[in-house]
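Residue strings, one per chain:
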Amino acid sequence: MIQDIEPRQLYNQYYEGKPEEEDTCFFFKGNEILASAAEDGTLQYPRFSNFREEERKKFHFVYLLRVDRRKCFLAVGRNLPEEEVFTIPEGFSYYPIYIFRKAKPKYMAFAAVTAWHLNMWYRNNQFCGRCGKRMTPDHKERMMHCSCGNMVYPRISPAVIVGITNGNKLLLTKYAYGEYKNYSMVAGFTEIGETLEQTVEREVMEEVGLKVKNIRYYKSQPWGLSGSLLAGFFCDLDGDDHITLQEDELKEAEWVEAGDIQPRGDGISLGQEMMQVFRKEHTGNEEE
């Protein structure tokens, strides 16, 4: 999965520092990221040295994380619209954030996805939700605070993705919206006052009208594109296998035999890994 970057390691502890010339500086415009792409899918991101001296004073450079010793910052324009602030370096262009699914090297794709998660948190918390005043970043931890006493920490939303099994069949779905067009599985966010297992039962009933039993945890994944921590579960069909589709969420849902599941996962997402685990368990075949 995208977070499996060993032997490299991502460190997300906050410290208050300034970028040096070779440090990575992620720059987002809307739902796009500035990068330079090679034909083999390798992405390079701007370094602090790519920001001209006269432009640097127009930015806040916010420390995000590091991968091994490589420090990464978020470049945030102070006042002017984004397109007026930054002269795009030669060879760089804007790419949709979903390019992370195919970007190389994977360890920097994971860093960029995590940067996107933090970018959205900073973007959405410029002003206090209690009194409306401008928020101020803390100097000791990753937190925004207000003079009224309100303190806001990065938001992580718990969610589930569910492998519903029916003998040697797995329920696969396709979303009715969004950029992702391949097969996935039932998924959704946890509601207040709800356990993850209750989320599984509710989301399955809401999206495909099925009852399930024998709910068992598989693995988790941080998924920065939606700001979530995704928990994967397998469960068994309980009773009737007739699918009642929630059409505003899904455009397809069908029972697929293990041998008919495409043998290649994307190496990125928890859902695709779970599909391959089910395929292997029921066919004995490794990915081709």
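Quick caveat: nothing in here was measured; it's all calculated off a predicted structure.

K.L.:
Just to check I follow, could you spell out the state of the cysteines for this structure?
P.N.:
Such a bond, covalent and formed between the sulfur atoms of two cysteines, is termed a disulfide. For the structure shown, the criterion picks out zero disulfides. Cys131 takes part in no disulfide bond, and the closest cysteine sulfur to it belongs to Cys146, at a distance of 3.4 Å.

K.L.:
Explain helix H5 (residues 270–283) here, please?
P.N.:
Every α-helix winds through 3.6 residues per turn, so residues three or four apart in the chain are directed the same way. Here H5 spans 20 Å end to end across 14 residues, near enough to the 20 Å set by a 1.5 Å rise per residue. Every buried residue belonging to H5 is among Leu270, Gly271, Gln272, Glu273, Met274, Met275, Gln276, Phe278 and Arg279, and all of these are buried.

K.L.:
What should I look at first to understand the nonpolar core in this one?
P.N.:
A general trend in soluble globular proteins is that nonpolar side chains are found buried together. Counting 38 residues, the largest nonpolar core has Phe26, Phe28, Tyr45, Leu64 and Phe100 as the members making the most contacts within it. Listed by contribution, the elements that provide at least two residues to this core are strand E4 (32–37), strand E6 (59–67), strand E7 (70–77) and helix H3 (106–124). In this structure Tyr45 touches Thr24, Phe26, Ile33, Leu34, Ala35, Phe92, Phe100, Met108, Ala109 and Ala112, once residues within four positions along its chain are discounted.

K.L.:
When you look at unusual backbone geometry in this model, what are you seeing that I'm missing?
P.N.:
Only a minority of non-glycine residues have a phi that is not negative, and only a minority of peptide bonds are not trans. Cis geometry is adopted by the peptide bond preceding Pro7, which originates at Glu6 and carries an omega value of 10°. Residues Lys104 and Pro105 are joined by a peptide bond in cis, for which omega reads -10°. Following the sequence through the fold, Pro105 ends up in the loop between strand E8 (93–96) and H3. You will see that Asp68, though not glycine, has its phi angle at about 55°, which is positive. In this structure, Asn214 is a non-glycine residue whose phi angle is positive, near 50°. Secondary-structure assignment places Asn214 in strand E15 (residues 212–223). The class for Asn214 is partly exposed, based on a relative accessible area of 47%.

K.L.:
What exactly am I supposed to notice about the pattern of salt bridges here?
P.N.:
Any two side chains of opposite charge can pair, given that their charged atoms come close. In this structure the tally under the stated criterion is twelve salt bridges. Of the charged contacts in the structure, one is a salt bridge between Arg56 and Glu21, with a shortest N-O distance of 3.0 Å. With Arg56 in helix H1 (residues 53–56) and Glu21 in the loop between strand E1 (10–11) and strand E2 (24–26), the pair connects residues that are 35 residues apart, well separated along the chain. In this structure Arg56 comes out as buried when scored by relative accessible area, which is 15%. The shortest N-O distance in the salt bridge between Glu206 and Arg202 comes to 3.2 Å. Placement of both Glu206 and Arg202 in helix H4 (residues 196–208) is noted, with a separation of four residues, approximately one turn of the helix. Taking the relative accessible area as the measure of exposure, Glu206 reaches 39% and is therefore partly exposed. On the basis of relative accessible area, Arg202 is assigned to the buried category, the value being 18%. Several salt bridges converge on common partners, so that one network encompasses Glu194, Arg202, Glu203 and Glu206.

Quick notes on the rules
Position numbers for residues count from 1 along each chain, tracking the sequence in the order it is written. Totals for whole chains, interfaces and linings use all residues, but because this is a predicted model, local features are given only for residues with pLDDT of at least 70 and pairs of side-chain atoms are given and counted only at 80 or more. The side-chain figures draw on all heavy atoms in the structure; neither hydrogens nor water molecules are used. The criterion for a disulfide is a pair of cysteine sulfur atoms lying within 2.5 Å. Secondary structure follows DSSP: runs of H or I at least 4 residues long count as helices, runs of E at least 2 residues long count as strands, and numbering of each begins at the N terminus. Multiplying one less than the number of residues by 1.5 Å gives the expected span of a helix. Residue burial is assigned from relative accessible area. The probe radius is 1.4 Å, only protein chains are included, and a residue is buried under 20% of its type maximum, exposed over 50%, and partly exposed in between. We define a nonpolar core as any set of buried Ala, Val, Leu, Ile, Met, Phe, Trp, Tyr and Cys residues linked to one another through side-chain atoms lying within 4.5 Å. Contact between two residues is taken to exist if any of their heavy atoms lie within 4.5 Å; hydrogens are not considered. Here, a salt bridge means any Lys or Arg side-chain nitrogen found within 4 Å of an Asp or Glu carboxyl oxygen.

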